[in-house]
Structure formats: C-alpha cells, structure tokens
Amino acid sequence: MAFAWNDADADVYQVDGTEVLLWRPAERFLITRLKGQATLGALQFYTGRAEREMSLGRLTVFHEWAEMAGYSPSARDELKRWGKQHNDAFDHVEYLVRSKVVAMLISVAALTLGRDLHATTDEVQFTDDLFSALERRGV
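These figures come from a predicted structure and were not determined experimentally.

Asker: What is the right way to read the overall build of the protein chain from this model?
Answerer: In terms of helices and strands, the protein chain carries 4 helices and 6 strands. Secondary structure of the protein chain in N-to-C order comes out as β-β-β-α-β-α-β-α-β-α. Whereas a compact globule of 139 residues would reach a radius of gyration of roughly 14 Å, the protein chain reaches 14 Å, a difference of no more than 12%. Projecting the C-alpha coordinates of the protein chain onto the three principal axes gives extents of approximately 40 × 35 × 30 Å. Across the protein chain, the 16 positively charged side chains and the 21 negatively charged ones have centroids separated by 5 Å.

As structure tokens, this is what we get:
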C-alpha cells in the first residue's frame, strides 16, 4: 500500500490549535486530516489546493475529520458558497466524522447540492473505501 498517512509527506496548515494535513497521492485525488476547529483559514488552505487540482479535471477527495472540534460560522458559510460554485468539479467526496449528527448534516447537504457526498463515523469503512479508491487509481 503506497499511502501510509505519513505527516512528513503532507502540506500543513497550523494556526491557533487548528491543524490541516493535505496529501495528493495521485492527480485529482486529495486527502485531508483536520484536527481542531474548522476555520475560514483552514478551509481556504484546502480550497486553494483543490482548485489547482480542479484545473486538471474532476476530483476525488477523502476528508478525515474525526478530530474536528467544531467549525466557525464563517467557515461553514464559505464552504456552502464554495461547494455550490464548484458543484460539478467532484467525482466523489467522503468524510470521516466523529458525530452521527455531522454525518447526517453532510448527507442533507449532498441532497441539497445534488452531489456525491458520503459521511461516516466508521473509521474501518472509511479507510477501506479510501484504499479501494487509491487502488483503482493505481496507487
């Protein structure tokens, strides 16, 4: 298995207790891990890199956000705006979250946007889905 959650291979955003690690194991494939508060700065770190990948085609993204402590209203609003703006730029987006309520909110957002968003609280399932997606890409 080529992807091993190696922090040294990730791009890092770290401000005031928020940490985002971002990996690009293949073209048009991003993986993020968020710890702490989802802030506007953390979101902009991700969206900037996602937009660069979008210039190459539709994206697959896996967000490991099980250690997210919450999110700021500005980050939530910007994520909604940005998501609508780039609605057709994704093949698949999957989230690992700690809360079943957050998983449900992501599912509702998927219906609202007409997007392929999946959220789970099951780490084993998330990891299996991630490695299967990487394997399909030859990683």
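Moving on, there is more to tell.
Asker: I would appreciate a short explanation of helix α1 (residues 40–54) in the present structure.
Answerer: Note that an α-helix has 3.6 residues per turn; residues three or four places apart therefore point the same way. Between its first and last C-alpha, α1 extends 20 Å over 15 residues, near the 21 Å set by a 1.5 Å rise per residue. Regarding α1, the residues found buried are Ala42, Leu43, Phe45, Tyr46, Thr47, Ala50, Glu53 and Met54. On the buried face of α1, the contacting elements are β1 (11–15), β2 (18–26), β3 (29–38), β4 (59–71), α2 (73–85) and β5 (90–96).

Asker: In this structure, what is going on with the layout of surface pockets? I would like to understand it.
Answerer: There is about 790 Å³ of room inside the largest pocket. Of all the secondary structure elements, the ones that give two or more residues to the lining of the largest pocket are β3, α1, β4, α2, β5 and α3 (100–113). Of the residues contributing to the lining of the largest pocket, the split by class is 23 nonpolar, 5 polar and 4 charged.

Asker: Looking at this model, I keep getting lost on unusual backbone geometry. Mind explaining?
Answerer: Positive phi values are uncommon outside glycine, yet aspartate 16 reaches one of about 50°. Its location among the elements puts aspartate 16 in the loop between β1 and β2. A positive phi angle, near 65°, is found at arginine 28, a position not held by glycine. In this fold, arginine 28 is placed in the loop between β2 and β3.

Definitions and limits used
Residues numbered from 1 in each chain as written. Predicted model: local features only at pLDDT ≥ 70, side-chain atom pairs only at ≥ 80, totals over all residues. Heavy atoms only, no water. Helix = DSSP H or I, 4+ residues; strand = E, 2+ residues; numbered from the N terminus. Rg over C-alpha atoms; globule rule 2.2 N^0.38 Å. Lys, Arg positive; Asp, Glu negative; His and termini not counted. Charge placed at Lys NZ, Arg CZ, Asp CG, Glu CD. Expected span 1.5 Å × (residues − 1). Buried < 20%, exposed > 50% of the residue type's maximum accessible area, 1.4 Å probe, protein only. Contact = heavy atoms within 4.5 Å. 1 Å grid on protein atoms, 1.4 Å probe; cavity = no way out; pocket = protein on both sides within 12 Å on 5 of 7 lines; lining within 4 Å. Points joined across faces, edges and corners; volume = space filled by probe spheres on them. Nonpolar A, V, L, I, M, F, W, Y, C, P; charged D, E, K, R; others polar.

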